[in-house]
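Listed below, chain by chain, are the residues.
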Amino acid sequence: MNKSELIDAIAKDAGITKVAAKAALESFMSNVTSTLQQKDGKISLVGFGTFSVAERAARQGINPATKMPIKIAAKKVAKFKAGAELSTAVAGAGDKKKKK
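Predicted model, so just to flag it, every value in this text is computed and none were measured.

Reading guide: rules and limits
- Each chain carries its own residue numbering, running from 1 in the direction its sequence is written.
- Note on the predicted model: pLDDT of at least 70 is required for a residue's local features to be given, and 80 or more for side-chain atom pairs to be given and counted; whole-chain, interface and lining totals, by contrast, use all residues.
- As a rule here, side-chain values come from all non-hydrogen atoms in the structure, and water together with hydrogens is ignored.
- Should a side-chain nitrogen of Lys or Arg be within 4 Å of a carboxyl oxygen of Asp or Glu, the pair is scored as a salt bridge.
- Secondary structure elements are taken from DSSP: a helix is a run of H or I of four residues or more, a strand is a run of E of two residues or more, and numbering for both begins at the N terminus.
- For every residue, the accessible area (1.4 Å probe, protein chains only) is compared with the maximum for its type, and the residue is labelled buried under 20%, exposed over 50%, or partly exposed between those bounds.
- Aromatic rings from Phe, Tyr and Trp, with only the six-membered ring used for Trp, were paired whenever their centres fell within 6.5 Å, and each pair was classed as stacked if the ring planes differed by under 30 degrees, edge-to-face if by over 60, and tilted otherwise.
- Whether two residues touch is decided by their heavy atoms; if any such pair falls within 4.5 Å, the residues are in contact.
- In a helix, the anticipated span is given by 1.5 Å times the number of residues less one.
- In protein, a polar contact means a hydrogen-donor-capable atom and an acceptor-capable atom, both N or O and within 3.5 Å, with residues adjacent in sequence counting only if both atoms are side-chain atoms; elsewhere, any N or O pair within 3.5 Å suffices.

Draft legend 1. Broad picture of the pattern of salt bridges. Enumeration according to the criterion identifies 2 salt bridges in this entry. Linking Glu 26 and Lys 3 is a salt bridge whose minimum nitrogen-to-oxygen distance equals 3.5 Å. With Glu 26 in helix H2 (residues 18-37) and Lys 3 in helix H1 (residues 3-14), the pair connects residues that are 23 residues apart, well separated along the chain. Since its relative accessible area comes to 40%, Lys 3 is described here as partly exposed. A salt bridge links Lys 18 to Asp 8, with the shortest nitrogen-to-oxygen separation between them at 3.4 Å. Of the two residues, Lys 18 is situated in helix H2 and Asp 8 in helix H1; the sequence distance between them amounts to 10 residues. By relative accessible area, Lys 18 is classed as exposed at 51%.

Here it is, written out as structure tokens:
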């Protein structure tokens, strides 16, 4: 599913226009981004999951083209950990396909 398909699905499920659904989705993404940019940014949606920031340490890597060692700088990355309800729903999705 891409962004436009998600907007269509939100509009249909919520009974709102696509314009309103697009505004809601963009607001959600903007708020997640701005929260994660804060020092201790973390968003927990009970049952769905948690968005957080993790710090990756600097490390040694290998340039695949030259096979020479390179230094990979430390950086912050966005993480998502699925909640229990989402994990259960996804795990059960395979069972539903097999039963058909």
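Draft legend 2. The packing of aromatic side chains, seen in detail. A complete count under the given rule lists 3 aromatic pairs for this structure. Residues Phe 28 and Phe 51 carry aromatic rings whose centres are separated by 6.2 Å and whose planes lie at 70 degrees to one another, so their mutual orientation is edge-to-face. Here Phe 51 lies in strand S2 (residues 49-56) and Phe 28 lies in helix H2, a separation of 23 residues in the sequence. Take Phe 28: its relative accessible area is 37%, and that puts it in the partly exposed class. The class for Phe 51 is buried, based on a relative accessible area of 16%.

Draft legend 3. Expanded view of the environment of Gly 49. Here Gly 49 shows up in strand S2. Classification of Gly 49 by relative accessible area gives buried; the value is 4%. The spatial distance from the C-alpha of Gly 49 to the C-alpha of Ser 34 is 18 Å, given a sequence separation of 15 residues. Ignoring sequence-local partners within four residues, the contact set of Gly 49 consists of Ile 43, Ser 44, Phe 80, Lys 81, Ala 82 and Gly 83.

Draft legend 4. Summary view of H1. With 12 residues, H1 extends 16 Å between its outermost C-alpha atoms, agreeing within 8% with the 16 Å of an ideal straight helix rising 1.5 Å per residue. Downstream of H1 by one or two residues, Gly 15 has phi in the positive range, about 70 degrees.

Draft legend 5. Main features of the environment of Lys 67. With respect to the helices and strands, the residue Lys 67 is situated in the loop between strand S3 (59-62) and strand S4 (69-72). From its side chain, Lys 67 meets the backbone oxygen of Pro 64 in a polar contact 3.2 Å long.

Draft legend 6. Quick peek at the environment of Val 77. You can see Val 77 is positioned in strand S5 (residues 75-82). Judged by relative accessible area, Val 77 falls into the buried class, the value being 17%. Spatially, the C-alpha atoms of Val 77 and Thr 33 are 12 Å apart, while their sequence positions differ by 44 residues. Setting aside anything within four residues of it in sequence, one finds Val 77 in contact with Ser 52, Val 53, Ala 54 and Arg 56.

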